[in-house]
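Descriptive analysis of the structure
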Amino acid sequence: MNESTYDFIAIGVGPCNLGLACLTAPLSGVRSLFLERKPAFSWHPGMLLDGTTLQNPFLADLVSMADPTSPFSYLNYCKRQGRLYTYYIRENWYLDRQEFDRYCRWAAAQLDNLRCGHEVQGIRHEPATGLYVVRGRRIEDGGTFEYRARKLVIGIGGVPRFPDGCGALDREHLVHSSGYLAERARLQAGRSITVIGSGQSGAEVYHDLLQGSERHGYTLNWVTRAPRFFQMEDAKLTLELITPEYGDYFYDLDPATKAEVLDDQRSIYNGINQSLIERLYALLDERRHRDAPPTRLLTCMALEACRRAPDGRGWELDFRHTQLGRRYRHRADGVVFATGYRHQVPRFIDGIAERIRWNAEGQYVPSKRWAVDHHNREIFVQNVGLQSHGLTNPDLGLACHRNSRLLAELTGQDHYPSEPRTAFQDFAPGEDSGFVALEREAVGS
Ligand SMILES: Cc1cc2nc3c(=O)[nH]c(=O)nc-3n(C[C@H](O)[C@H](O)[C@H](O)COP(=O)(O)OP(=O)(O)OC[C@H]3O[C@@H](n4cnc5c(N)ncnc54)[C@H](O)[C@@H]3O)c2cc1C
């Protein structure tokens, strides 16, 4: 094997592939390389707002759910920082987002197979050797690199999503929540700001701007097409849907049922957490007793168009009320789109596109174990399977499980066996359940 030939190369280093790197680190004999285009690890820097936390308990760190004895655990990070007692006394079950970022940077700094500032630009397959050749550009000096590997893991995250009504030309000038912190001062210099989207990020941006509205004197609107500002569900038996067992059950459903189920589960993976709703409500109530600038919360408002205002200052937005059927026009100096992310198939895989399984919409078709190549053993994807794998797909609490299964696929050995049962519920009655399967009927009949 050539010096620069790896068992696998992982492309993109967010928490998913970083966790994979940490679980791979102790495995002697496994040659791996992790390539990240940013100059250093950073986790959603535009949304590292003060006081925001992870939605998962600290055990959803980079390794613990696969290997609680790993030196890369959050608890070991605290110990190494001399802060274990502080953490113990503080009882901080949900880590601050800034703290999670610091912890990930600490883990990344210990990995000698992680190359930051390496942007992957192309991949080809060499039939003679059966290897993938990954090439790209070093950000720091503009130089190029080329590495070879038997297998690939693509974990490049998503790109900001804007509603269809936003003209393509304006998109580069629009503010998405992913870039919020860098734009905050400019937004707050205006007289009016409108936040669009009522997920966790929308609520965090609205809360942050509400806190500054009196000092800066802007009016603030929070608008969503959802019929209500709904709370993220976290009942214990509902959380059993974010387990490996449920992920496997979901994968085997037919596509139409999956779409219905996902729609029904929106409030599990897309709502606002309870503590933030409570803080927001208290702040709204406190402001009433002061001479604070107006703020409005509006539901059922689907954005239909967004364009520059005719006077060149700010934006003009058209909405349709989804229940009243009436249209409304609105003007704001600044707009923040907290409208989520979408997965974009990267151009760099064009050279190996024929080795990959695609559906009619041009999306990957991942196997149960996240392989997307025709042989189900060479090209794996992280976190692009909402439609195939369901709500377990983006959740940090399941990333360790996925990484442990991926490592078994990548190395042919199960280094981190999963527990056989992860939920009290049976998602389908088993043979020993006392429920005898009869003939199958069409779903919904
Ligand atoms: C603000 C925010 C908070 C969240 N909080 C939670 C939470 O509390 N709990 C939870 O379960 N989920 C949460 N999520 C959802 C999810 O866990 C995160 O989005 C997570 O970062 C996904 O990790 P990832 O590794 O898939 O991708 P990302 O974190 O997006 O990382 C992908 C990386 O790939 C790199 N990359 C892209 N293209 C290339 C290329 N060509 N070459 C090299 N590198 C490349 C990018 O620079 C990036 O660093 C949150 C999401 C957001 C946006």
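Residues numbered from 1 in each chain as written. Predicted model: local features only at pLDDT ≥ 70, side-chain atom pairs only at ≥ 80, totals over all residues. Heavy atoms only, no water.

Another aspect to go through is the domain arrangement of the protein. Domain annotation for the protein reports domain 1 (5–158 + 343–411) and domain 2 (162–232 + 270–337). For domain 1 and domain 2, the distance between their C-alpha centres works out to 32 Å. Each side of the interface is counted separately: domain 1 has 10 residues, and domain 2 has 14 residues. Among the residues domain 1 hides against domain 2, the three largest losses belong to Met 47, Leu 49 and Gln 55. Together they make up 61% of the total. Connecting domain 1 to domain 2 are 1 salt bridge. Across the pair Glu 204 and Arg 97 runs a salt bridge, and its minimum N-O distance is 2.6 Å. There are 3 residue pairs in polar contact (both at pLDDT 80 or more) connecting domain 1 and domain 2. Residues that form the side of domain 1 that touches domain 2 fall into these classes: 4 nonpolar, 5 polar and 1 charged. (Domains from an automatic or database assignment. Contact = heavy atoms within 4.5 Å. Buried area = accessible area lost by both parts, 1.4 Å probe. Salt bridge = Lys/Arg side-chain N within 4 Å of Asp/Glu carboxyl O. Polar contact = N/O pair within 3.5 Å; in protein donor to acceptor, adjacent residues only side chain to side chain. Nonpolar A, V, L, I, M, F, W, Y, C, P; charged D, E, K, R; others polar.)

Moving on, we get to the state of the cysteines. One pass over the structure, following the stated rule, counts 0 disulfides. With no disulfide partner, Cys 166 has as its closest neighbouring cysteine sulfur the one in Cys 306, 4.6 Å distant. (Disulfide = S-S within 2.5 Å.)

A separate point is the side chain of Asn 383. Structurally, the position occupied by Asn 383 is in the loop between β17 (379–381) and α12 (386–389). At a separation of 3.1 Å, a polar atom in the side chain of Asn 383 contacts the side chain of Asn 393. Excluding residues within four positions of it along the chain, Asn 383 makes contact with Cys 16, His 343, Asn 393, Pro 394 and Arg 402. (Helix = DSSP H or I, 4+ residues; strand = E, 2+ residues; numbered from the N terminus.)

This part covers the pattern of salt bridges. A complete count under the given rule lists 34 salt bridges for this structure. Note that Arg 83 is salt-bridged to Glu 99, the shortest N-O span being 2.7 Å. Of the two residues, Arg 83 is situated in the loop between α2 (74–80) and α3 (84–90) and Glu 99 in helix α4 (residues 97–109); the sequence distance between them amounts to 16 residues. For Arg 83, a relative accessible area of 29% gives the class partly exposed. Looking at Glu 99, the relative accessible area reads 5%, which means it is buried. Counted as one network, the salt bridges with shared partners bring together Arg 191, Asp 311, Arg 313, Arg 331 and Asp 333. (Buried < 20%, exposed > 50% of the residue type's maximum accessible area, 1.4 Å probe, protein only.)

With that settled, consider the sheet that holds strand β9 (residues 192–196). Sheet strands associate in pairs through backbone hydrogen bonding, adopting either a parallel or an antiparallel arrangement. Strand order in the open sheet formed by 5 strands is β8-β15-β9-β10-β11, and the pairing between neighbours is parallel. Across the chains shown, the open sheet's two edge strands, defined by having one partner strand only, are β8 (175–176) and β11 (295–298). As judged from the 5 bridges shared by β9 and strand β10 (residues 219–223), these two strands associate in the parallel manner. Along β10, the bridge assignment pairs Ile 196 with Val 223. (Pairing = 2+ DSSP bridges.)

We now examine the sheet that holds strand β13 (residues 315–321). Taken in spatial order, the 3 strands of this open sheet run β12-β13-β14, and their pairing is antiparallel. The open sheet is flanked by β12 (301–308) and β14 (327–332), the only strands paired with a single partner. Direction aside, the axes of adjacent strands within the sheet are offset by 25° on average. (Axes fitted to C-alpha atoms, helices over the stretch in contact; angles between N-to-C directions.)

Right, let's talk about the site of the ligand for a bit. With respect to spatial proximity, 28 residues lie near the ligand, and among them Glu 36, Trp 43, Gln 55, Asn 56 and Leu 396 are the closest. One of the backbone N or O atoms of Cys 16 is found 3.0 Å from an oxygen atom in the ligand. His 44 is positioned with one of its side-chain polar atoms (N or O) 2.9 Å from an oxygen atom of the ligand. The fraction of the free accessible surface of the ligand (980 Å²) that becomes covered by protein chains is 88%. Of all elements in the fold, only α1 (15–24) and β4 (118–126) reach the threshold of two or more residues within the shell around the ligand. Tallying contributions element by element places β4 first for the shell around the ligand, with 3 residues. Along the lines of polarity and charge, the residues of the shell around the ligand split into 13 nonpolar, 9 polar and 6 charged. (Near = heavy atom within 4 Å. Areas by Shrake-Rupley, 256 points an atom, 1.4 Å probe, with all protein chains shown as cover.)

Of the two faces of strand β2 (residues 32–35), the one holding Ser 32 and Phe 34 and the one holding Leu 33 and Leu 35 are both buried throughout. Of the strand pairs in this sheet, strand β1 (residues 5–11) and β2 are connected by 4 bridges, and their pairing is parallel. In the sheet register, Ile 9 faces β2, and the bridge partner there is Leu 33. Taken together, β1, α1 and β2 constitute a β-α-β crossover, and its handedness is right-handed. Looking at chain direction, β2 and strand β3 (residues 114–115) are connected through 2 bridges and run parallel. Directly across from Leu 35, in β3, lies its bridge partner Arg 115. (Right-handed = clockwise from strand over helix to strand, strands pointing away.)

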